[in-house]
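Now for the letters of each chain:
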Amino acid sequence: MIPEIGYFSLVLAMGLSLLLCIFPLWGAYTGNLRLMRTAPSLAVGQCLLVLFSFGVLIYITLTDDFTVAYVAHHSSSTLPWYYKVTSTWGGHEGAILLWLVMQASWTALVAMMSKSLPWVLRARVLGVLGFLGVGFMLYTLWMSSPFERLLPYYPVEGRDLNPLLQDPGMIIHPPLLYMGYVGLSVSFSFAIAALLTGKLDNTWAKWSRPWTMAAWGFLTLGITIGSWWAYAELGWGGWWFWDPVENASLMPWLVATALLHSLAITEKRGVFKSWTVLLAIAAFSLCLLGTFIVRSGIIVSVHAFATDPDRGLFILSFLALVVGGSLALYGLRVSQVYSEGRYKLVSREVGLWVNNIFLVVATLIVLLGTLLPMIHKELGLGSISIGVPFFNQMFAILIVPFAILMGMAPMLRWKQNKLPPLAKKWAGIFVATIVITSAWLFSSFDEISTLTYLATALAVWICIATVVDLVEKVSVHPSTAQGLKRLGMSYWAMVLGHVGIAFVIASVTLTSAYSVERSVVMKKGETATLNDYEYRFEGVNEIRGPNYGGHAGEVTVFKDGEYVTLLHAEKRLYDVGMQFMTEAAIDDGFFRDLYLALGESMGNGAWSLRIYHKPYVRWMWLGGILISVAGFIVLADKRYRRRKQTSVEHA
Amino acid sequence: MNKKFLGLAPLLIFVLLCVFLYQGLFGNPRELQTGRLGQTMPAFELPDLMDEQKRWTDQDLLGEVYLLNVWGTWCPTCIAELGYLTELREQGVRIIGLYYEQAYDPDFGDQFDINYLRTDVQQMLARAGDPYQFNILDLERTLALDLGVSGAPETFLVDKNGKIILHHTGDINPRVWRSKFAPAIQELQP
């Protein structure tokens, strides 16, 4: 009975979503204020119903109701309670329900936080969000319900959550990623509402910006944690694979990053309006496209999801409707949009414009790399495979001008700049970059390739330029305290975001160039050396977890004869699925990670082990966290709060 | 006029993309164009998974149409298709397994416990259904490499002269069987 209540609650939620889609949009079209005013309560109502339905799924999972197919396939009674909760988004149907939860929550949040928006715009934004809600709920109810029963024959025990997913990373990674994906639907709705209203002025950009920043912050954090999870859990020491599923999350991120910068120009200067709207549509469209790629099985990926062409067809139809519809609307309206701002070649406008071009080109590279093998085949040209080297090479080429620009652009002013004083400043920063990069690399490493040097210098360049700009902006004020206070949150977000990117560039460069690994076979008491560190094998113990057994290898690490750490690497065998899992042992550090994976028993007490030394690898996730914080702190910007009050007066 | 066309350009590009995505959805992108397609089975001599003394060669397989199914107990999709494959066997389809061991990596100096694997396979087949006439064990993956296998599950349709007719990547389900294997087998029947 309880699962049916969950399903029914979702049916009701879809009813409200349908009304949320119809009433406010119709009201805005006919100018009926009463119809428009239904939007916020409908939005909150559908959110509560979806949350209730999700609560039901969690409840039936916690109570081991294996009459429900989803629970039987993705959970088991021996699973610890927190992984039971995690299992509610460990499979396709539950993951889509989680998507619905996010969608409904963002919609309710927009409804509650948009009180100062003009009613026509508010109703349209919520109406578009309602439309998206209907699409996803219809999909869930029709072909992907997590409440399907296995009656009358149901198993007494579930198939367990895939051991790969039994990891803290799985608890937080999908919710964060979905927060980001779905959050971009808010920027999308604002763009569509603005197109419908026909008023593409900078108020639209102002409203859209904090929501976009928040969604982008979540997306960044989601991707960062996904990368860390791959590194910590999969036991291969890698962090990015250019897999179609990874690319599916990178594409919206790249476009959302372009959108943020472009929103800034549209808000401040009223130019690039039609371009900004197109980016807002593209960012969410790529989220939908990503979902299609992941869920339809159209592309072969290491992340094996349910592959079902019926589901794929539904998502493709929805994608065609949403994206096709909005691009048609865009095409009809964009010719009426005029930009009034004027600017010269050396100006912040042009800097941001070039930034956008780089980001869009990067997106196209990922999109082509992901889809080209399929398109190529459909055209009858035979199979091709585009792999890691293609992406690495293309990104290596793109990052050079992009990083140089990232250091220079923040110093540009709106409209126009005189070049000589800027050039002098950049020359100074260039010299400082060479000095610091050389000092850093020559003191840390024996051999340095040109490419490594260049890429590291790019990271250093961004950092120095950002700091120089910060110091200058503060020093125009009489006192430092006053100067720091005057810098807006948007400025701090830029500083953090750019420094974060510098960290990522440095980390990717150095860890790719200087990581070393060694496979060894050791008996108890034997030692192996790798990069100044001595590893002494202490033997293997049997272990027993709640739903797995296995072996744990212990290795003591010494450096210059002094104790560093004790590594504990596990090889687990999960009871239900009889699957092996590697739990690598990692001693993380600011400058290097020591990474150990336990191999097989070789007999006579000897075991094979794989040892990795990974310099600066942690900076990658540190950078990712810095970038996502940049997304969140803009929400604290006083400008957005103050403007709310003023716009109440205007409304 | 010019500006209007420029505004509609994204829509046109998107429509084109949708056409490809639609084709991809039904055009079976998982089908690989193996160099082996249309050629005969590579020569091999490999042990039986359950009995090391018993060895199979390419000559043993001749004379009857069969499916060569590449699988492993570590591969969830392979387990998922066992049920349907068993149905096919009951309908008279000859299915031979090529066991693909993932955990064993000779370059890593792994030691391999064949008895553990046999127990594992037996338990799995008892639980999920056993479609196989017999299983070939290809520990060094020589046959898999010769066939161009990139993962599991993959299935080859081979005619009675040993010619490879089809190479399918991904699981076999009723839809794939109806649309792909059944017509190909029909053609082979005189």
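From a predicted model like this one, the values you see are computed outputs, not experimental measurements.

Some words on the sheet that holds strand 8 (residues 592–603) of chain A
Residues and elements named next belong to chain A.
No. 1: Within the open sheet, the four strands sit side by side as 1-9-8-7. Their pairing is antiparallel. Each edge of the open sheet carries a strand with a single partner, namely strand 1 (516–522) and strand 7 (585–587). Neighbour-to-neighbour, the strand axes of this sheet turn through a mean angle of 20°, independent of strand direction.
No. 2: As judged from the seven bridges shared by strand 1 and strand 9 (residues 606–615), these two strands associate in the antiparallel manner. Following the sheet pairing, Ser 519 is matched in strand 9 by Arg 610.

Concerning helix 19 (residues 618–633) of chain A
Residue and element names in this part refer to chain A.
No. 1: Taking 1.5 Å per residue, 16 residues should reach 22 Å; helix 19 reaches 23 Å between its end C-alpha atoms and fits that length.
No. 2: Burial in helix 19 covers these residues: Arg 618, Trp 619, Met 620, Trp 621, Gly 623, Gly 624, Ile 627, Ser 628, Ala 630 and Gly 631.
No. 3: For helix 19, the elements touching its buried residues are helix 9 (202–233), helix 10 (244–269), helix 15 (419–444), helix 18 (489–514), strand 7 and strand 8.

Observations concerning the sheet that holds strand 4 (residues 95–99) of chain B
Residue and element names in this part refer to chain B.
No. 1: The strand order across the open sheet formed by five strands is 5-4-3-6-7, and the pairing between neighbours is mixed. Each of the sheet's edge strands pairs with one partner strand only, and the pair in question is strand 5 (135–137) and strand 7 (164–169). The mean angle between the axes of side-by-side strands here comes to 20°, regardless of whether they run parallel or antiparallel.
No. 2: In the sheet, strand 3 (residues 66–71) pairs with strand 4 via five bridges, with the strands oriented parallel. For Asn 69, the partnering residue across the bridge sits in strand 4 and is Gly 97.
No. 3: Contacting strand 3 and strand 4, helix 2 (residues 76–90) runs over the sheet at an angle of about 165° to strand 3.

So, the nonpolar core
No. 1: By size, the foremost hydrophobic cluster in this structure holds 172 residues, and its most contacted members are A:Trp106, A:Trp204, A:Trp253 and B:Leu21.
No. 2: With 15 residues, the top contributor of residues to this core is helix 8 (residues 168–197) of chain A.
No. 3: B:Leu67, B:Trp71, B:Ile79 and B:Leu125 belong to the second-largest nonpolar core, a separate cluster that totals 28 residues.

Side note on the confidence of the model for chain A
Where the model shows low pLDDT, its predicted coordinates should not be examined in detail.
All names here are of chain A.
No. 1: Confidence in the prediction of chain A, expressed as mean pLDDT, is 88, and 94% of residues score 70 or more.
No. 2: When mean pLDDT is compared element by element in chain A, helix 3 (residues 39–62) scores highest at 96, while helix 20 (residues 638–650) scores lowest at 46.
No. 3: Every residue in residues 642–651 is under pLDDT 50, and counting partners more than four places away or in other chains gives nine contacts.

With respect to the side chain of A:Thr220
Residues and elements named next belong to chain A.
No. 1: Mapped onto the fold, Thr 220 is located in helix 9.
No. 2: A polar contact of 2.6 Å, which involves the side chain of Thr 220, links it to the backbone oxygen of Trp 216.
No. 3: Beyond its immediate chain neighbours, meaning those up to four positions away, Thr 220 contacts Trp 253, Gly 624, Ile 627 and Ser 628.

Some remarks on the packing of helix 16 (residues 450–475) of chain A against helix 18 of chain A
Residue and element names in this part refer to chain A.
No. 1: Axis separation between helix 16 and helix 18 bottoms out at 9 Å; the angle between their running directions is 160°. In terms of their interaxial angle, helix 16 and helix 18 are classed as roughly antiparallel. Helix-helix and strand crossings are classified by hand; for helix 16 and helix 18 the assignment is left-handed.

Some points on the state of the cysteines
No. 1: Scanning the model with the defined rule gives zero disulfides over all chains in all.
No. 2: Here A:Cys47 stays unpaired: no disulfide links it, and the sulfur of A:Cys21, its closest cysteine neighbor, is 18 Å away.
No. 3: Residue A:Cys47 is classed as buried on the basis of its relative accessible area of 8%.
No. 4: We note that A:Cys287 lacks a disulfide partner, and the nearest cysteine sulfur, in B:Cys18, lies 16 Å from it.

Topic: the domain arrangement of chain A
No. 1: Here chain A is described as being made up of domain 1 (1–161), domain 2 (172–337 + 346–399), domain 3 (418–487) and domain 4 (516–618).
No. 2: Distance from the C-alpha centre of domain 2 of chain A to the C-alpha centre of domain 3 of chain A: 31 Å.

A closer look at the packing of helix 18 of chain A against helix 19 of chain A
Residues and elements named next belong to chain A.
No. 1: Interaxial distance between helix 18 and helix 19 falls to 7 Å at its minimum, and their mutual angle equals 165°. Here helix 18 is positioned roughly antiparallel relative to helix 19, judged by the angle of their axes. The handedness of the crossing between helix 18 and helix 19 comes out as left-handed.
No. 2: Per-class residue counts for the contact of helix 18 with helix 19 are 18 nonpolar, six polar and no charged.

Some words on the pairing of strand 6 (residues 154–158) of chain B
Residue and element names in this part refer to chain B.
No. 1: Most of strand 6 is tucked away: five of the five residues are buried.
No. 2: Every second residue of strand 6 is oriented toward a common face, with Glu 154, Phe 156 and Val 158 on one face and Thr 155 and Leu 157 on the other, all of them buried.
No. 3: In this structure, strand 3 lies alongside strand 6, joined through five bridges in antiparallel fashion. Counterpart to Leu 67 in the pairing with strand 6 is Leu 157.
No. 4: In this structure, strand 6 lies alongside strand 7, joined through five bridges in antiparallel fashion. In the strand pairing of strand 7, Thr 155 is matched with His 168.

Reading guide: rules and limits
Residues numbered from 1 in each chain as written. Chains lettered and ligands numbered in written order. Predicted model: local features only at pLDDT ≥ 70, side-chain atom pairs only at ≥ 80, totals over all residues. Heavy atoms only, no water. Pairing = 2+ DSSP bridges. Helix = DSSP H or I, 4+ residues; strand = E, 2+ residues; numbered from the N terminus. Axes fitted to C-alpha atoms, helices over the stretch in contact; angles between N-to-C directions. Expected span 1.5 Å × (residues − 1). Buried < 20%, exposed > 50% of the residue type's maximum accessible area, 1.4 Å probe, protein only. Contact = heavy atoms within 4.5 Å. Core = buried A, V, L, I, M, F, W, Y, C linked by side-chain atoms within 4.5 Å. pLDDT = per-residue confidence, 0-100. Polar contact = N/O pair within 3.5 Å; in protein donor to acceptor, adjacent residues only side chain to side chain. Parallel < 35°, antiparallel > 145°, perpendicular 65-115°, else oblique. Left-handed = near helix turned anticlockwise from the far one by under 90°. Disulfide = S-S within 2.5 Å. Domains from an automatic or database assignment. Nonpolar A, V, L, I, M, F, W, Y, C, P; charged D, E, K, R; others polar.

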